[in-house]
Amino acid sequence: MTATTTVTPNPVLRVPPASPAAAAAHFGASLAFHADVSDVASALAADGDPGFVVIDTRSTAAWDQGHVPGAVHLPTALIAEQAEQLLDRSVPVVTYCWGPGCNGATRAALALAELGFQVKEMLGGFEYWAREGFAYKTWEGPAQRDADPLTAPVDSDDCGC
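Residues numbered from 1 in each chain as written. Predicted model: local features only at pLDDT ≥ 70, side-chain atom pairs only at ≥ 80, totals over all residues. Heavy atoms only, no water.

Chemist: Which residues make up the pairing of strand S4 (residues 93–96), and what values do they have?
Modeler: By the alternation rule, side chains of S4 split into Val93 and Thr95 and Val94 and Tyr96, which are all buried. Where strand S2 (residues 53–56) meets S4, 4 bridges bridge the pair, whose relative direction is parallel. Across the sheet, residue Val54 finds its bridge partner in S4, namely Val94. Both S4 and strand S5 (residues 119–123) contribute to a ladder of 3 bridges, which runs parallel. When the sheet's bridge partners are listed, Val94 is paired in S5 with Lys120. (Buried < 20%, exposed > 50% of the residue type's maximum accessible area, 1.4 Å probe, protein only. Helix = DSSP H or I, 4+ residues; strand = E, 2+ residues; numbered from the N terminus. Pairing = 2+ DSSP bridges.)

The structure is reproduced here in structure tokens:
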């Protein structure tokens, strides 16, 4: 009689990976919904119109503490009453909130999509904007931090992504 050995897969492979076609569909869809901080910064820094508007969805106190230059301040709670006056429906919107631990930008993106706006969420939010060393504005004026080497390359403008 032969002993049967049962191998328990590790936590990564306990649920097998999706097929390549399913993975391509998923990750392609993800890019339709999300943009990262460095891509947004690069598009805003380029000459000309980036083709989208950035929306800071946080409170006035948070906005004053620091926000992306050129962003429109539209707190999530005010989207239903103010979006039509502040935004052009033909221009895509990129929302952000505090950071990866906050889903305010997701809620704002949902509210804007339900009003008929094309929308993406900026992954990392204001936290990663500042951590990656991009300039921002505060109630006191312009500010900028050194890039955090855990989030952005220190000696290069290109992370290789």
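Now that the structure is up, let's keep going.
Chemist: Go over the pairing of S5 with me, naming the residues and quoting the values.
Modeler: Sheet topology places strand S1 (residues 34–36) next to S5; 3 bridges connect them, and they run parallel. In the strand pairing of S5, Asp36 is matched with Leu123.

Chemist: Describe the nonpolar core, naming the residues involved and giving the relevant values.
Modeler: With 16 residues, the main nonpolar core has Val40, Tyr96, Met122 and Trp129 as its most contacted residues. Those residues in contact with Trp129, other than ones at most four positions away along the chain, are Val37, Val40, Ala41, Leu44, Val68, Pro69, Met122, Phe134, Ala135 and Tyr136. Val53, Leu74, Leu112 and Val119 belong to the second-largest nonpolar core, a separate cluster that totals 12 residues. (Core = buried A, V, L, I, M, F, W, Y, C linked by side-chain atoms within 4.5 Å. Contact = heavy atoms within 4.5 Å.)

Chemist: Outline the pattern of salt bridges, listing residues and values.
Modeler: Under the defined criterion, the tally for this structure stands at 4 salt bridges. For Arg89, the salt bridge identified is with Glu84, shortest N-O distance 2.4 Å. The exposure class assigned to Glu84 is partly exposed, which follows from its relative accessible area of 41%. Residue Arg131 is joined to Glu127 by a salt bridge in which the shortest nitrogen-to-oxygen separation is 3.1 Å. With a gap of 4 residues between them, Arg131 and Glu127 both fall in helix H6 (residues 125–131), about one helical turn apart. Each of Glu127, Arg131 and Asp148 takes part in one network of salt bridges that share partners. (Salt bridge = Lys/Arg side-chain N within 4 Å of Asp/Glu carboxyl O.)

Chemist: Residues and numbers for the sheet that holds S4, please.
Modeler: Read across the open sheet, the 5 strands follow the order S1-S5-S4-S2-S3; overall the sheet is parallel. Two strands lie at the open edges of the sheet, namely S1 and strand S3 (72–73), each paired on one side alone. Of the strands in this sheet, S1 and S5 touch helix H1 (residues 20–33), which is tilted by about 95 degrees from S5. Where helix H2 (residues 37–45) meets the sheet, its contacts fall on S1, S2, S4 and S5, and the angle it forms with S1 comes to roughly 75 degrees. (Axes fitted to C-alpha atoms, helices over the stretch in contact; angles between N-to-C directions.)

Chemist: Account for helix H5 (residues 104–114), naming residues and giving values.
Modeler: Every buried residue of H5 is accounted for by Gly104, Ala105, Ala108, Ala109 and Leu112. The buried residues of H5 all sit within an arc of 135 degrees when viewed along its axis, so they share a single face. Among the structural elements, helix H4 (79–86), S4 and S5 are those in contact with the buried residues of H5. Just downstream of H5 lies Gly116, where phi reads positive at about 95 degrees. (Arc of directions from axis to C-beta.)

Chemist: How would you explain the environment of Ala32 if you had to name every residue and give the values?
Modeler: Of note, Ala32 is situated in helix H1. By relative accessible area, Ala32 is classed as partly exposed at 44%. Linking Ala32 and Val15, residues 17 residues apart in sequence, is a C-alpha distance of 25 Å. Ala32 has contacts with Val119 and Lys120, leaving out every residue within four places of it along the chain.

Chemist: Talk me through the side chain of Thr57; I want residue IDs and the actual numbers.
Modeler: Mapped onto the elements, Thr57 comes out in the loop between S2 and helix H3 (60–65). A polar contact is formed between the side chain of Thr57 and the backbone oxygen of Tyr96, at a distance of 3.0 Å. Those residues in contact with Thr57, other than ones at most four positions away along the chain, are Leu74, Pro75, Thr76, Thr95, Tyr96, Cys97, Gly104, Ala105 and Ala108. (Polar contact = N/O pair within 3.5 Å; in protein donor to acceptor, adjacent residues only side chain to side chain.)

So, to be careful, I would describe these as geometric facts and stop short of saying anything about function.
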